[in-house]
Amino acid sequence: MMQKQRAKGQRESVFNNEVVSRFELYNSLFLTLPFYKIKDTGTLLPLFIKYCEDGIHNRETPAEIIIAFFKKYTQTNANKDVIDLLFRFIQYIERQVVLFDAIEDAAFNKLNAEDEENALLSYLKKGVDNHPLSDKIEKLIEEFSLRLVLTAHPTQFYPGSVLAIITDLTSAIKTNDISTIHLLLQQLGKTPFFNKKSPTPVDEALSLAWYLENVFYCAAANIQRGIDKNLSDFNLETRKVIELGFWPGGDRDGNPNVHTDSTIQVSKMLRQILFRCYYRDFKNLKRRITFRGVEDNIALVHDLLYENAFNPNIELKNISEEVIGHLEGIKATLEKDHDGLFADLVSDLVRKVELYGAHFASLDLRQDSRVLRDVHAYCRQSKPIVSLFPENYDSLSEQEKLKVLSFKSAKLTYAGKGDNLVEDTLQTIAEVKQIQESNGELACHRFIISNCQQASDILQLIELFLWNGWHEDDLTMDFVPLFETVHDLAGAAEIMETLYSHPFYKKHLEKRGNKQDIMLGFSDSTKDGGYLMANWSIFNAKVSLTAVAEKHNIQLAFFDGRGGPPSRGGGKTHRFYASMGKEIANKNIQLTIQGQTISSQYGSLDSAEFNIEQLINAGISAGIREKHNILLDPVHKNLLDNMAEDSFDAFVSLRNHPLFLSYLEKYSPLKLLSKITISSRPVKRNSGAKLKLEDLRAISFVTSWSQLKQNIPGFYGMGTALKNQEVQGNWDKVVETYHESGYFRTIIDNCMMSMSKSDFSITAHFVNDKEYGAFWKTLHDEFELSRTMLLKLSGHETLMENYPVEKRSIAVREKIVLPLVLIQHYALEQLQNELPEQERQSYEKLAIRTVYGIVNAGRNLA
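Residues numbered from 1 in each chain as written. Predicted model: local features only at pLDDT ≥ 70, side-chain atom pairs only at ≥ 80, totals over all residues. Heavy atoms only, no water.

**A look at the overall build of the protein chain**
Within the protein chain one finds 34 helices and nine strands. The C-alpha radius of gyration computed for the protein chain amounts to 28 Å, which stays within 12% of the reference 29 Å derived for 862 residues, consistent with globular compactness. Split into buried and exposed, the 862 residues of the protein chain put 60% on the buried side. Sequence-distant contacts in the protein chain: of pairs separated by 6 or more residues, those separated by 24 or more amount to 82%. Split by element, the accessible area of the protein chain, about 34,900 Å² in all, is 49% carbon and sulfur. Averaging the locations of the 99 positively and 112 negatively charged side chains of the protein chain gives two centres separated by 3 Å. (Helix = DSSP H or I, 4+ residues; strand = E, 2+ residues; numbered from the N terminus. Rg over C-alpha atoms; globule rule 2.2 N^0.38 Å. Buried < 20%, exposed > 50% of the residue type's maximum accessible area, 1.4 Å probe, protein only. Contact = heavy atoms within 4.5 Å. Areas by Shrake-Rupley, 256 points an atom, 1.4 Å probe, with all protein chains shown as cover. Lys, Arg positive; Asp, Glu negative; His and termini not counted. Charge placed at Lys NZ, Arg CZ, Asp CG, Glu CD.)

Listed below in structure tokens is the structure:
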């Protein structure tokens, strides 16, 4: 324990020296940049920050703070001049956030050195004289995999040009290259931080592909090389462990802008970027291998890679095995005739081709079950299958529907043209076959059914494939149900029992290796039932789904739809996987990497490799230990059941409050999020209709609360649940559960992280509002109760006490963006008034621009 405390103290010292001190030093360089009124802006900003802090302490409104500041420090209070300076503050702070990101990234290795031992290597060493353990490791490696899926959720605010500057700035900071840092800050000052118009789905894909090309391509291969070496050193056969997935261009759930053309373009783009990566590596390899005997293979590989990287007219086909064959020929010659010189370089390229094939990342398709039901209904009216279905099919019970489904391949003759969603679904299903032929089966082999509520949602989709160019014998697709709401999670096991028992689906799974992926949504379950209930519902769903899969001898993989913040399944993610227990399938870890999480945790080679290793370590450790999860013992399970119900009741009561949505609309930038040009995806489903909570996307919901610095989805109900247990005399049991269960402890730690990014003092003046004062007090009281109970449970004096570096980082970032929060509230406050159109637009732009910096600084706020 003392050693851990010392290590934490050392990390905190490194953070203060390498990050905080450097930020203060390099921040001064902004004042020397040749930009409009930069000295005025840089000189006034610290004074403005002090005014913000003092004003918040005195419970003043944003308008009172800003008006008083301008009255004291400027010569004008004219709206135009006020807005002009506030915009310059925003631009300055946006770039401060980038600088802090780069400095923190530059110190990453020093802050995370030897954080956790390589689990695989540790167990391999222990297995040398322990044959049962060695056999267990070998079996686990045969089954274990990690799939990271990049999604285009609208919380990634840095454009590619800024990401490149951060990368270069990080490198310059590592070597303390002041002149380069100064030049890059100048470049940063002139580089726009946002798009003038919303990106298309293909634009989003290209933006995210920056990470594939510049980070994951090398990071995943480096990790795989380490795994290969460890296994080889202990005479075990190597195996591909890491897989990459991709959603932009394939995820059409609630996004009417994704079409079949988008899917085709993205698949081609991923392929081309990949082959350019291969070609870049091969050019370096070619410069080293200048020996006789390899000329033919070198020429063949060069031509193959060059043509596929740069010739847009080439016939696309999966040539990965052909490339590997030629590379292995080169390697064999090097080992036979040239003492193996540079054979390691060839092995590295072979490893990458084995990892990424001709596709780079698997493109997932996703659509809502309600849309797919409509497509099935449209197709049922077509010849020759119209006679197979009764006219009242939609009103049949689930069991009756399953009896009607025939799974006959057919070429349909459509009576008329379907709507856009119907046409897109049918065209996409047909085109997937071509994508697989061009880029390999792994290029696009999963169809995710959002809002899956019954077995027929999956079986009807299979029929759509059989009616659109596919046959039962070559149905190289995996069908992935997505369970999202608390209600759907509770019924998930029953649905899968029906599917596993269904003759056709059982036969299909046998052809797919008896493997089933199931996606679970953290974001919507939190919006539906609150933080604790969402996490507990997903835990229970995983237990029951695992039991059903084991009963039917199915290898189950959970695909976790995790967002950035804890309220959307983020936070200390790897600790969840390390603490699952043997009752939950955990040998194939799959999770989405969304928005800010991509840039904050996978934005550089150092951070990407570290976080990939943490997930692999978690999975390996849990797989070897196979501990019983104590949360399934009656005493702990009953406790969590009751706590989850109490927190659910508290959250639902809040959600049903008549002021809930109007409060969010009035005081957060919710209504303005649709005007932010960062995503092709609407803020809500049914975008033309009046705003309803059920239509509001979980991302917009969570982002709005985080902008308010209240983070309600990340804690609300937790304090009530804990207090109720204390009142009922169960506190000692709660403390015992906290100390004995790593899973429950991670839930608590992540909740405290959410609360650390909340600051109710900023909105303390709301208490005086005649309409919303009592509602704000309800939120604040639950926050204070939650903080009190969490600190009592953990034995800490402050939130995140056991994560001092992360806590300090949050504190610095929150201080940097405090003016943005006040400016946003000021702008929203002004927008409540009747304003001339031009002035209204100016305040809207002011509020919108603050969103960028606040989310960027939070790194996992949305």
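**Some remarks on the pattern of salt bridges**
Within this structure, the stated rule accounts for 44 salt bridges. Across the pair arginine 813 and glutamate 104 runs a salt bridge whose closest N-O atoms are separated by 2.6 Å. Of this pair, arginine 813 sits in helix H33 (residues 804–830) while glutamate 104 is found in helix H4 (residues 79–106), placing the two residues 709 residues apart along the sequence. Each member of the pair, arginine 813 as well as glutamate 104, carries the same accessibility label: buried. As a salt-bridge pair, lysine 637 and aspartate 641 come within 3.2 Å of each other at their nearest N and O atoms. Placement of both lysine 637 and aspartate 641 in helix H26 (residues 634–655) is noted, with a separation of four residues, approximately one turn of the helix. Looking at lysine 637, the relative accessible area reads 27%, which means it is partly exposed. Residue class for aspartate 641 comes out partly exposed when judged on its relative accessible area of 23%. Taken together, the shared-partner salt bridges in this structure form one network comprising Arg225, Asp228, Asp348 and Arg351. (Salt bridge = Lys/Arg side-chain N within 4 Å of Asp/Glu carboxyl O.)

**A word on the pairing of strand S5 (residues 446–450)**
Where burial is concerned, most of S5 is hidden: five out of the five residues are buried. Because side chains alternate across S5, one face comprises the buried residues Arg446, Ile448 and Ser450, and the other comprises Phe447 and Ile449, equally buried. Bridge analysis of strand S4 (residues 365–368) against S5 gives four bridges, and the strand direction is parallel. The residue of S5 that forms the bridge with arginine 366 is isoleucine 448. As paired strands, S5 and strand S6 (residues 478–483) are joined by four bridges and run parallel to one another. Each bridged residue has a counterpart across the sheet, and for isoleucine 449 the counterpart in S6 is proline 481. As a crossover connection, the stretch from S5 through helix H18 (residues 455–466) into S6 is right-handed. (Pairing = 2+ DSSP bridges. Right-handed = clockwise from strand over helix to strand, strands pointing away.)

**Comments concerning the state of the cysteines**
Under the counting rule described, the total for this entry stands at zero disulfides. Cysteine 379 forms no disulfide, and the closest cysteine sulfur to it belongs to cysteine 444, at a distance of 18 Å. For cysteine 379, a relative accessible area of 0% puts it in the buried group. (Disulfide = S-S within 2.5 Å.)

**Focus on unusual backbone geometry**
With an omega of 5 degrees, the peptide bond running from lysine 383 to proline 384 counts as cis. As for its placement among the helices and strands, proline 384 is situated in the loop between helix H15 (369–380) and helix H16 (398–404). One non-glycine residue with positive phi stands out, namely phenylalanine 407, at about 55 degrees. Within the secondary structure, phenylalanine 407 is located in the loop between H16 and helix H17 (420–439). Residue phenylalanine 407 is classed as buried on the basis of its relative accessible area of 7%.

**Comments concerning the packing of aromatic side chains**
In this structure the tally under the stated criterion is 45 aromatic pairs. Between phenylalanine 275 and tyrosine 278 the ring centres are 5.5 Å apart and the planes differ by 90 degrees, which places this aromatic pair in the edge-to-face class. With a gap of three residues between them, phenylalanine 275 and tyrosine 278 both fall in helix H11 (residues 260–288), about one helical turn apart. Tyrosine 278 sits in the buried class, given a relative accessible area of 1%. Seen from their ring centres, phenylalanine 760 and phenylalanine 783 are 4.9 Å apart, and the 40 degrees between their planes marks the pair as tilted. One end of the pair, phenylalanine 760, is in the loop between helix H31 (742–756) and helix H32 (773–794); the other, phenylalanine 783, is in helix H32, with 23 residues separating them in the sequence. A relative accessible area of 4% means that phenylalanine 783 is categorised as buried. (Phe/Tyr/Trp six-rings, centres within 6.5 Å; stacked < 30°, edge-to-face > 60°.)

**Observations concerning helix H29 (residues 718–727)**
Buried within H29 we find Met718, Gly719, Thr720, Ala721, Leu722 and Gln725. Two residues or fewer past H29, glycine 729 is found with a positive phi of approximately 85 degrees.

**A closer look at the side chain of serine 621**
Mapped onto the fold, serine 621 is located in helix H25 (residues 605–625). Taking relative accessible area as the criterion, serine 621 reaches 13% and is therefore assigned buried. Once residues within four sequence positions are removed from consideration, serine 621 is found in contact with Ala119 and Tyr123.

**A closer look at the sheet that holds strand S7 (residues 515–521)**
The strands making up a sheet associate through hydrogen bonds between their backbones, and the pairing can be parallel or antiparallel. In space, the nine strands of this open sheet follow the order S3-S2-S1-S9-S8-S7-S6-S5-S4, with parallel pairing throughout. Among the strands making up the open sheet, the edge pair consists of strand S3 (362–363) and S4. Pairing of S6 with S7, which is carried by two bridges, proceeds in the parallel orientation. Its bridge partner being in S7, leucine 482 is matched across the sheet by methionine 519. Running at roughly 85 degrees to S4, H15 makes contact with S4 and S5 of the sheet. Where helix H19 (residues 486–501) meets the sheet, its contacts fall on S6, S7 and strand S8 (555–561), and the angle it forms with S6 comes to roughly 155 degrees. (Axes fitted to C-alpha atoms, helices over the stretch in contact; angles between N-to-C directions.)

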